[in-house]
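Given next are the chains, with one letter for each unit.
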Amino acid sequence: MRSTVEALLAPGKGLLAADESLKTIGKRFEALGIACTEESRRNYRAMLITTPTLPEHISGVILYDETLRQKVGDALIPDVLSRSGVIPGIKVDKGTVALPSLPGEKVTEGLDGLRERLAEYWRLGARFTKWRAVIAVSAQLPSRACIDANTQALARFAALCQEASLVPIIEPEVLMDGNHTLQRCEEVTTRVLSNLFDHLSEYQVSLEKMILKTGMVLPGRDSPDTAPDWEVAEGTLRCLRRSVPSAVPGIVFLSGGQSSVAATARLNAICAMGRAPWTLSFSFGRALQNDAMAAWRGLAANVPAAQDALRHRTECNGLAVQGKYSSQIERASPLD
Ligand code: 13P
């Protein structure tokens, strides 16, 4: 597990999250007029993972259960990745359900039978896992019950993964939805992470053999506030320093619905600020894939353009983790 952690956190590299559930990928395909079938999902994920330059800036790819069993030619997708030096990972949670009596709050399910599923995922080639919890923010939310339910599930997931020699990526996502301020996001994220590490300690999760995946500290999507990148970086680093033990080897950021360019610019500001005891990197889904999916649109003829769009975003984020990104290398997006 230590060598997997080290390889995932290799300098100048980050993770590609390509683990959208059937429902989520369906919505994203539909918005672009792409039919959502097992075949189209396979073709799309095959396009992403066979991008020739992928291993230059991507150390691991988080896959969905279906993809882990699909093939490119005769080879299983996890084997295609491992052969190119990219570590295959797997999302193991089963999505969220509404918490009873707590309107607007959710808990992530998937612990039942997880020990058996993990053994199978190891056999299929996965070497790391991901579990995502979501925390909604408002003046009243989150409730203590919602935080506890989610962080306890994350701790049990992590302990089970380490038992199976799989590195857990532990993801409590504080959602951007709402009109809250950056300060409120910071307060909630600090509370959630502190609570998470209490539970990880109770479950004796080895901090050295995990990776934390979290959001940046940002104003809510509908907030009138616009925070400059340096303010996001300061708030994010202050929050993490107050709540994440330095024994944790790495923290990777999700993009959470930010534009691709904004996510890269803020990642760059965070990494350039430095003075962090952990390796900082990215584990973006939409901020890496949006342009590639829009360029692809379900057509084999568009694969080179789509792979070029992915190459460009991985290169920008590879520079950002070194604090060396400049918006001057940006170009028109297929979504513009
Ligand atoms: P986004 O970067 O699109 O938020 O996705 C990351 C992820 O893996 C969410 O679980």
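Cut-offs and rules
Residues numbered from 1 in each chain as written. Predicted model: local features only at pLDDT ≥ 70, side-chain atom pairs only at ≥ 80, totals over all residues. Heavy atoms only, no water. 1 Å grid on protein atoms, 1.4 Å probe; cavity = no way out; pocket = protein on both sides within 12 Å on 5 of 7 lines; lining within 4 Å. Points joined across faces, edges and corners; volume = space filled by probe spheres on them. Nonpolar A, V, L, I, M, F, W, Y, C, P; charged D, E, K, R; others polar. Helix = DSSP H or I, 4+ residues; strand = E, 2+ residues; numbered from the N terminus. Core = buried A, V, L, I, M, F, W, Y, C linked by side-chain atoms within 4.5 Å. Buried < 20%, exposed > 50% of the residue type's maximum accessible area, 1.4 Å probe, protein only. Pairing = 2+ DSSP bridges. Axes fitted to C-alpha atoms, helices over the stretch in contact; angles between N-to-C directions. Near = heavy atom within 4 Å. Polar contact = N/O pair within 3.5 Å; in protein donor to acceptor, adjacent residues only side chain to side chain. Areas by Shrake-Rupley, 256 points an atom, 1.4 Å probe, with all protein chains shown as cover. Sits in = over half its atoms within 2 Å of the grid points.

**Focus: empty space enclosed by the protein**
Then, number 1: With the rule as written, the count across this model stands at 2 cavities of 30 Å³ or more.
Then, number 2: In this structure, the largest cavity occupies an estimated 80 Å³ of space.
Then, number 3: Around the largest cavity, the lining comprises 13 residues; the ones closest to its centre are Val174, Met176, Gly215, Met216 and Leu218.
Then, number 4: Residue composition of the lining of the largest cavity, by class: 7 nonpolar, 5 polar and 1 charged.
Then, number 5: Looking at the second largest cavity, its volume works out to about 30 Å³.
Then, number 6: In this structure, the second largest cavity is lined by Glu20, Arg28, Gly285, Arg286, Gln289, Asn290 and Met293.
Then, number 7: In terms of residue count, helix H12 (residues 286-296) provides more of the lining of the second largest cavity than any other element does, 4 residues in total.
Then, number 8: When its residues are assigned to classes, the lining of the second largest cavity shows 1 nonpolar, 3 polar and 3 charged.

**Some thoughts on the nonpolar core**
Then, number 1: Ranked by size, the top nonpolar core spans 87 residues in total, and within it Val61, Phe157, Phe197, Leu200, Val244, Leu267 and Phe284 carry the most contacts.
Then, number 2: Counting 12 residues, the second-largest nonpolar core is a separate cluster that includes Leu9, Ile62, Phe128 and Ile169.

**Some remarks on the sheet that holds strand S9 (residues 167-174)**
Then, number 1: With parallel pairing, 8 strands are arranged side by side around a closed barrel as S1-S2-S5-S8-S9-S10-S11-S12. On average, adjacent strands in this sheet sit at an angle of 25 degrees to one another, irrespective of strand direction.
Then, number 2: Sheet topology places strand S1 (residues 14-17) next to strand S12 (residues 279-284); 2 bridges connect them, and they run parallel. From the neighbouring strand, Leu16 faces S12, where its bridge partner is Phe284.

**Observations regarding the site of the ligand**
Then, number 1: Taken together, Ala17, Lys130, Arg132, Glu171, Lys213, Leu254, Ser255, Gly256, Ser283, Phe284, Gly285 and Arg286 are the residues near the ligand.
Then, number 2: Within the contact set of the ligand, an oxygen atom lies 2.9 Å away from a side-chain nitrogen or oxygen of Glu171.
Then, number 3: Measuring from an oxygen atom of the ligand, one finds a side-chain N or O atom of Lys213 at 2.6 Å.
Then, number 4: In the complex, the protein chains occlude 92% of the 300 Å² of accessible area that the ligand would expose alone.
Then, number 5: In this structure, the ligand is accommodated by the largest pocket.
Then, number 6: Residue assignment for the shell around the ligand shows that the elements contributing at least two residues are strand S8 (128-135) and S12.
Then, number 7: Residues that form the shell around the ligand fall into these classes: 3 nonpolar, 4 polar and 5 charged.

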